[in-house]
Amino acid sequence: YKITHVFCPLQLPDVDDHSHTNDLALSEAICDLAFEFSGHLHNPAKAHWEYVKKLLQNLYEAMHVQQLEETLVVSQLESMAAGDVVTYLIHAHNATVVFRRGAGETITESFEVSPTVVAVMGACSKLVCLYPGPVIAIPDVVFDDTVFCLELAHFLCEMDKDSLDAVPTSCKYSLPTVGSMVLEMRDTMHLWYITELLTGILQAVGRPAKVQQINKHIGDDVVWCDACLPWHRSLLWLVIRVILQTTLA
């Protein structure tokens, strides 16, 4: 699983191989490598790498459970110090939410994790995607409020497990339902509950902010043969790459 999703060889599986166990193993491997790599660094690079180690450790702890737990999220958010980064993969909504603690305010970022099937299959080569998406700066006086932190953690945990309504898509795969509007399981979920709803809620207590964005060439694929769900490249692996690059930038 790790070799297939990290290096993306020419011969790929033709069925979805995602599982909680596989993602946990991938997260653990990346976290272990980050700690090992820190032993080869010297100041000031080593001091900056401490933030990377902590964000990967927090991500690994969040991946221990199949669905986000409020107590864990609250604990991680409340323990953030200046320079810390915490990220959560919201599985049910194909999105990631990132919190970056600064001096006086906390930056909240969100972005899409898996491109749509149409986008992936329609690309001549790799997709070029811009990260992150919407960015909101929240004053620490608000972010440190106990009630706000609890409600934010509750929202993230509910979104992680509740897909609400999927995007109605015109079915083109099953002849009896051609032309009808169905909930297409084989495509990725729309992330508007995160990038629009959550962003709108946070904007009421914060302000839009500008951060350095990055372009990534996404080497994804959609492989499907006699299976319920197609193969996609690991969502977690993309999240880790984007977070590392935006943090180190």
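Quick caveat, the model's predicted, so the values are computed rather than measured.

**Q** I'm lost on the nonpolar core in this one. Help?
**A** Nonpolar side chains tend to gather and get buried jointly when the protein is soluble and globular. Leu56, Tyr131 and Ile243 are the most contacted members of the largest nonpolar core, which has 30 residues in total. Those elements giving two or more residues to this core turn out to be helix H2 (20–38), helix H3 (45–63), strand E1 (85–90), strand E4 (127–131), strand E9 (214–218) and helix H9 (235–248). Setting aside residues no more than four positions away along its own chain, isoleucine 243 makes contact with Leu55, Val85, Thr87, Val98, Arg100 and Phe111. Core analysis: the second largest hydrophobic core is formed by 29 residues, Tyr88, Cys149, Tyr193 and Leu198 among them.

**Q** I tried to follow the sheet that holds strand E8 (residues 207–208) on my own but got confused; where do I start?
**A** Within a sheet, each strand pairs with its neighbour through backbone hydrogen bonds, oriented either parallel or antiparallel. Here five strands make up an open sheet; going across it, the order is E1-E2-E3-E5-E8 and the pairing antiparallel. What marks the edges here is a single partner per strand, and that holds for E1 and E8. Here strand E2 (residues 95–101) runs beside strand E3 (residues 105–112); their pairing, made up of seven bridges, is antiparallel. Note that in E3 the partner of arginine 101 across the bridge is threonine 106. Against the sheet, helix H7 (residues 146–161) engages E1, E2 and strand E5 (135–139), with an angle of about 35° to E1.

**Q** Looking at this structure, how should I read the packing of aromatic side chains?
**A** Each pair of aromatic rings is reported with the distance of its centres and the angle of its planes. Under the defined criterion, the tally for this structure stands at five aromatic pairs. On the numbers, 5.9 Å between centres and 50° between planes, the contact of phenylalanine 99 with phenylalanine 143 is tilted. With phenylalanine 99 in strand E2 and phenylalanine 143 in helix H6 (residues 140–143), this pair connects stretches of sequence that are 44 residues apart. Accessibility classification places phenylalanine 99 together with phenylalanine 143 in one group, the buried group. One aromatic cluster in this structure is built from Tyr88, Phe99, Phe143 and Phe148.

**Q** Could you clarify how one ought to interpret unusual backbone geometry in this entry?
**A** Omega for the bond connecting asparagine 43 with proline 44 falls within 30 degrees of zero, at 0°, which places this linkage in the cis form. Looking at where proline 44 falls in the secondary structure, it is placed in the loop between H2 and H3. Despite not being glycine, cysteine 8 has its phi angle at roughly 50°, a positive value. Looking at where cysteine 8 falls in the secondary structure, it is placed in the loop between helix H1 (2–7) and H2. Note on cysteine 8: relative accessible area 22%, which makes it partly exposed.

About the criteria used
Residues numbered from 1 in each chain as written. Predicted model: local features only at pLDDT ≥ 70, side-chain atom pairs only at ≥ 80, totals over all residues. Heavy atoms only, no water. Core = buried A, V, L, I, M, F, W, Y, C linked by side-chain atoms within 4.5 Å. Buried < 20%, exposed > 50% of the residue type's maximum accessible area, 1.4 Å probe, protein only. Helix = DSSP H or I, 4+ residues; strand = E, 2+ residues; numbered from the N terminus. Contact = heavy atoms within 4.5 Å. Pairing = 2+ DSSP bridges. Axes fitted to C-alpha atoms, helices over the stretch in contact; angles between N-to-C directions. Phe/Tyr/Trp six-rings, centres within 6.5 Å; stacked < 30°, edge-to-face > 60°.

This is a description of form; function is not addressed.
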